[in-house]
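Now for the letters of each chain:
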Amino acid sequence: MSRIDETREFIPVRIAVLTVSDTRSLAEDRSGDTLVARLTEAGHKLADRAIVKDDREGIADQLRVWIADPEVDVILSTGGTGLTGRDVTVEAHRDVYEKEIEAFGTVFTLVSMQKIGTSAVQSRATGGVAGGTYLFALPGSTGACKDAWDEILRWQLDYRHRPCNFVEIFPRLDEHKRRK
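A brief look at the structure comes next. (Residues numbered from 1 in each chain as written. Predicted model: local features only at pLDDT ≥ 70, side-chain atom pairs only at ≥ 80, totals over all residues. Heavy atoms only, no water.)

### A closer look at helix 2 (residues 56-68)
Each α-helix turn comprises 3.6 residues. Residues three or four places apart therefore point the same way. Over its 13 residues, helix 2 extends 18 Å from the first C-alpha to the last, a length consistent with the 18 Å expected when each residue adds 1.5 Å. All of the buried residues in helix 2 are Ile59, Ala60, Gln62, Leu63, Trp66 and Ile67. Buried residues in helix 2, looked at end-on, bunch into an arc of 160°, giving them a common side. When the buried face of helix 2 is taken as reference, the exposed residues oriented beyond 90 degrees from it are Val65 and Ala68. (Helix = DSSP H or I, 4+ residues; strand = E, 2+ residues; numbered from the N terminus. Expected span 1.5 Å × (residues − 1). Buried < 20%, exposed > 50% of the residue type's maximum accessible area, 1.4 Å probe, protein only. Arc of directions from axis to C-beta.)

So, in structure tokens, the structure goes:
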């Protein structure tokens, strides 16, 4: 079972938050606010925050900017993971992934099932890695953002989490580039 190893020192992670919406501004961005509050309360650092329209290229462009930024370790996006024609966040994430973290969507669905039952089938939450940066696309509801953070990301982004976590493998995410 997972646990926090108090003998290990906490390592703050630099996290950028991207809200995908045609209608929200920062003043109305409750899901983005939820993620910012949770990550800072956990001791992590907000690296940057932005809102982009539901446009595949625009989303991918913002992801690439942050992937290239050495001050960003993790990108959390919220919105655009549903099934409608405007929901293109998952496709934009996959446009930039080097590797997909397939189990993230599965675990998110299991967590969601406990809260919203079979409606969880409508989410396409995803996670991946690109340029040594973790990326996670979360649904746009505050409840989904809380669930993803509280049940998955809070633990996986804590270096003290045992038996393993995302933070401890940061140095190895781009090891293929160093091989001769």
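Now that the structure has been shown, we can carry on.
### With respect to the side chain of Asp5
Its place among the elements puts Asp5 in the loop between strand 1 (3-4) and strand 2 (14-20). Arg3 provides the closest opposite charge to the buried, unpaired Asp5, separated from it by 4.4 Å. A polar atom in the side chain of Asp5 sits 2.5 Å from the side chain of Thr7. Once residues lying within four places of it in the same chain are set aside, the contact partners of Asp5 are Arg160 and Arg162. (Lys, Arg positive; Asp, Glu negative; His and termini not counted. Salt bridge = Lys/Arg side-chain N within 4 Å of Asp/Glu carboxyl O. Polar contact = N/O pair within 3.5 Å; in protein donor to acceptor, adjacent residues only side chain to side chain. Contact = heavy atoms within 4.5 Å.)

### Details of the packing of helix 1 (residues 30-41) against helix 5 (residues 142-156)
Relative orientation of the contacting elements helix 1 and helix 5 amounts to 20°, with a least axis distance of 8 Å. Taken together, helix 1 and helix 5 sit at an angle that is classed as roughly parallel. In terms of crossing hand, the pair formed by helix 1 and helix 5 is right-handed. Along its contact with helix 1, which presents Arg30, Ser31, Thr34, Leu35, Arg38 and Leu39, the element helix 5 presents Thr142, Cys145, Lys146, Trp149 and Asp150. Within the contact of helix 1 with helix 5, the residues separate by chemical class into four nonpolar, three polar and four charged. (Axes fitted to C-alpha atoms, helices over the stretch in contact; angles between N-to-C directions. Parallel < 35°, antiparallel > 145°, perpendicular 65-115°, else oblique. Left-handed = near helix turned anticlockwise from the far one by under 90°. Nonpolar A, V, L, I, M, F, W, Y, C, P; charged D, E, K, R; others polar.)

### Description of the side chain of His161
Looking at the secondary structure, you find His161 in strand 8 (residues 161-162). Beyond its immediate chain neighbours, meaning those up to four positions away, His161 contacts Ser2, Arg3, Ile4, Arg8, Trp155 and Gln156.

### Comments concerning the environment of Pro12
By secondary structure assignment, the location of Pro12 is in the loop between strand 1 and strand 2. Taking relative accessible area as the criterion, Pro12 reaches 37% and is therefore assigned partly exposed. The contacts of Pro12, once residues within four sequence positions are left out, are Gly43, His44 and Lys45.

### Describing the pairing of strand 7 (residues 133-138)
Judged by how many residues are buried, strand 7 sits mostly within the fold: six of six residues are covered. Of the strand pairs in this sheet, strand 4 (residues 74-78) and strand 7 are connected by five bridges, and their pairing is parallel. Its bridge partner being in strand 7, Val74 is matched across the sheet by Tyr134. Bridge analysis of strand 6 (residues 126-130) against strand 7 gives five bridges, and the strand direction is antiparallel. Residue pairing across strands places Val129 opposite Tyr134, the latter belonging to strand 7. (Pairing = 2+ DSSP bridges.)

### Describing the sheet that holds strand 7
The six strands are arranged 3-2-4-7-6-5 in an open sheet whose pairing can be described as mixed. Every interior strand has two partners, whereas the edge strands, strand 3 (45-52) and strand 5 (99-100), have only one.

Any functional reading would require information beyond the geometric quantities listed.
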